[in-house]
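# An overview of the molecular structure
Below, each chain spelled out in residue letters.
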Amino acid sequence: AGDPARKTTFAAAADWYQRVLALDTGSPAQKLALRMLRADALYDGGSTEQAAGEYLQAAYAQPATPSPEAAYAAVQAYQRLATETSGEAKDQALRASIGASLKLAEVYSAHPQWLAVLTRSAQDLYVLHDDAAAIALAERALQSGRPLLASQRRELLTVVGDAHYTQKNFASAEAAYLALLPSIDAAQPRAAIGERLATAIYRQAEAARAAGDLRAAAQSFARVGQSVPGATIRATADYDAAAALIALEDWTPAAAALEGFRSRYNDHALLPEVDKKLAVVYDKTQQPAAAAEAYLRIAAEPRTTAPLRSEAAWLAAQRYDSARLPAAAARAYENYLQAPEVSGERGLQARRKLADFARDFKRDEPMYRQWLQQIVAIDSRARTGISQQMAAQAYLELGRLDAQAARQIALSAPITQQLPQRRVKTEAAITALLRAAQQGDATITTAATYEIGAIYQDLGLALLRSQRPTALSAEAREQYEILLEEQADPFERKAIEAHEANLGRIKQGLWDDAIHRSATALVELAPALYGKHELREDRYAELP
């Protein structure tokens, strides 16, 4: 058609055929044949639009001589015209092709290309953004009962799905895409349709969520992954399904959805948000250990902010503690102390917990001491009401540890070797206990005072019960006994003074177990003075 000489030749031929037709001679069949020849000459000469008009004349102008061949040729001519033009002219050619196709389908319903021209017209209508007409024509072809080629069925279902999708009729689009997918073998087209299907389902879920139907939203979000497991939008859909279930407070399926997300997408940007939601769900369902694991992951996530990581580390420790998992709780409290931002109060509480774990579960006295010493060190640097109270308790326990260490030093002969060691340990214990008593907590003060009295009493008794040197004469042994009593007496008097100081606090309106124990100790230490009193609060309250 691009050769000027060829175009001239065909144009001349078409002109001659027109002159013969103008004579209006011959039979209808001969006239039809001449008009087809003229149309073919115009077509071959590149006068596509004129050729299409001649084919239409041949197909429909003379009912006595029907020509299904001419009708189909007109459709083809308009299709070629659409490829030769652009813009509005192209759209006009497509509309003309659609008109010729519909005419063919109406007049020549038995035409072998009936399905082909309707399929192409449905596609053209979609290209022209006439979605409703495209759907109607595609459905007409699909429901015609005529044997469809696999390719035609795919093309028609694609038109139905895409047109519904464009109209935001996502449920109908989903149905079309679901019907279409099994017939597609090629990976790339199948993936493209799968993405459209997934998005159509997702949009339905969004609409349900916007309408307040969270149950339907959750179900539709979940259907994305069920229908198209590999869809790029699946992760977002899975996350949104879990969020909808959480909003419904349907905790068990919400947890399953969130855990499923974690197992499928082990490096997804939404994982920190998933763990936050998991922690909430496990808190709501009273599963502290599982919640702790989620909080630990948040604490280790570099993509979260420093305050959030610190908060999560603290909550992880708290949840393990609630779950009565001391080993895990201890690790979590230590982890909190390594967090980016540790608050003073929580730092003290964490160390207190770690001291308790070291004492009660690990039986690790050096570690127990270490945490107690850290508490008192923090208080000495920056004193607050809470730190002072916790330091008081820590000093009390450090004093008890030193007192126990002192008691374990047996005074065997010669006591001059062990007594200095015991006195050093005793002095360390008393120093710690005096600090405990000076912190302003009445209960700790009475406890520390009792312990001081007990330490002095124990030291005095240890001296009196110490191992005697062998090979002493009777006189020397008697002198040794007197010497021991003289050594023990100051400690006994100090013990009495400490316990009396505790007893004196009754006048301040105090009475607790430590005061009661001091009263009992005084009966043993000074029975002549205190043995006559019954060990009851009301009687001791009457003491002058």
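I will try to describe carefully the structure that is included in this document.

## What to know about the overall build of the chain
Summing up its helical and strand segments, the chain has 26 helices and zero strands in all. In terms of overall dimensions, the chain is more spread out than a globule: its C-alpha atoms have a radius of gyration of 49 Å, far above the 24 Å expected for 544 residues. Seen along its three principal axes, the alpha-carbon backbone of the chain occupies a region of about 170 × 50 × 35 Å. For the chain, buried positions account for 44% of its 544 residues. Contacts in the chain between residues far apart in sequence, at least 24 positions, make up 54% of those at least 6 positions apart. Summed over all atoms, the accessible surface of the chain reaches about 27300 Å², with 52% contributed by carbon and sulfur. Considering the chain, the positive charge centre built from 61 side chains and the negative charge centre built from 66 side chains are found 2 Å apart.

## Some points on the nonpolar core
If you look at the biggest cluster of nonpolar residues, it comprises 96 residues, and the most contacted ones within it are Tyr295 and Tyr333. Leaving out residues up to four positions away in the same chain, Tyr295 has contacts with Ala279, Asp283, Ala312, Leu315, Ala316 and Arg319. Ranked by size, the runner-up nonpolar core spans 42 residues in total, among them Ala14, Ala41, Leu42 and Ala59.

## Side note on the pattern of salt bridges
Per the counting criterion, the structure on display carries 33 salt bridges. We note a salt bridge from Arg400 to Glu451, for which the minimum N-O separation is 2.9 Å. Of the two residues, Arg400 sits in helix H20 (residues 385-407) while Glu451 sits in helix H22 (residues 442-464), which places them 51 residues apart along the sequence. The exposure class of Arg400 is partly exposed, given its relative accessible area of 32%. One network of salt bridges, in which partners are shared, links Arg352, Asp356, Arg359, Asp360 and Glu397.

## Considering empty space enclosed by the protein
Per the counting criterion, the structure on display carries one cavity of 30 Å³ or more. Roughly 40 Å³ of internal volume is contained in the largest cavity. Forming the boundary of the largest cavity are Ala403, Ala406, Arg407, Arg422, Thr426, Ile455, Asp458 and Leu459. Elements with a contribution of two residues or more to the lining of the largest cavity: H20, helix H21 (415-437) and H22. Tallied by class, the residues present in the lining of the largest cavity amount to four nonpolar, one polar and three charged.

## Here we look at unusual backbone geometry
Comment: phi is negative for the bulk of residues other than glycine, and the bulk of peptide bonds are trans. In this structure, Gln286 is a non-glycine residue whose phi angle is positive, near 55 degrees. In this structure, Gln286 sits in the loop between helix H14 (271-284) and helix H15 (288-300). Residue classification places Gln286 among the exposed residues on the basis of a relative accessible area of 65%.

## Quick look at the packing of aromatic side chains
Considering all chains together, one arrives at 11 aromatic pairs under this definition. Seen from their ring centres, Tyr60 and Tyr108 are 5.8 Å apart, and the 35 degrees between their planes marks the pair as tilted. Note that Tyr60 is positioned in helix H3 (residues 48-60) and Tyr108 in the loop between helix H5 (87-107) and helix H6 (114-127), a separation of 48 residues in sequence. Joined through ring pairs, the aromatic side chains of Trp314, Tyr333, Tyr336, Phe357 and Phe361 make up one cluster. One residue, Arg19, lies across the ring of Trp16, its end atom 4.7 Å from the ring centre. In this arrangement the basic side chain of Lys103 is found over the ring face of Tyr60, its NZ or CZ atom lying 5.3 Å from the centre.

What counts as what
Numbering of residues begins from 1 in every chain and follows the order in which that chain's sequence is written. Side-chain atom pairs in this predicted model are given and counted only at pLDDT of 80 or more, local residue features only at pLDDT of at least 70, and totals for whole chains, interfaces and linings cover all residues. Note that the side-chain values use all heavy atoms of the structure and ignore hydrogens as well as water. Numbered from the N terminus, helices here are DSSP runs of H or I no shorter than four residues, and strands are runs of E no shorter than two. C-alpha atoms define the radius of gyration, and 2.2 Å times the number of residues to the power 0.38 defines the globule rule. The rule is simple: take the accessible area with a 1.4 Å probe, protein chains only, and divide by the maximum for that residue type; under 20% is buried, over 50% is exposed, in between is partly exposed. Contacts are assigned to residue pairs with any non-hydrogen atoms lying within 4.5 Å of each other. Areas reported here follow the Shrake-Rupley algorithm with a probe of radius 1.4 Å; residue values treat only the protein chains shown as occluding. Charged-residue counts in this description rest on Lys and Arg as positive and Asp and Glu as negative, His and the chain ends being excluded. Charge placement uses NZ in Lys and CZ in Arg. For Asp and Glu, CG and CD serve respectively. Only buried residues count toward a nonpolar core, which is a set of Ala, Val, Leu, Ile, Met, Phe, Trp, Tyr and Cys residues joined through side-chain atoms within 4.5 Å. The term salt bridge refers to a side-chain nitrogen of Lys or Arg lying within 4 Å of a carboxyl oxygen of Asp or Glu. Cavities and pockets were defined on a 1 Å grid built over protein atoms only: a cavity is a set of grid points that admits a 1.4 Å probe from which the probe cannot escape, a pocket is an open set flanked by protein on both sides within 12 Å along at least five of seven lines, and lining residues are those with an atom within 4 Å of any such point. Grid points are joined across faces, edges and corners, and a volume is the space filled by probe spheres set on the points. Only Asp, Glu, Lys and Arg are considered charged in this grouping, and only Ala, Val, Leu, Ile, Met, Phe, Trp, Tyr, Cys and Pro are considered nonpolar; every other residue, Gly among them, is considered polar. Side-chain rings of Phe, Tyr and Trp, where Trp is taken by its six-membered ring, are said to pair if the distance between their centres is within 6.5 Å; with planes under 30 degrees apart they count as stacked, over 60 as edge-to-face, and otherwise as tilted. Throughout this description, the term charge over a ring refers to an Arg CZ or Lys NZ atom that lies within 6 Å of the ring centre and within 35 degrees of the ring normal.

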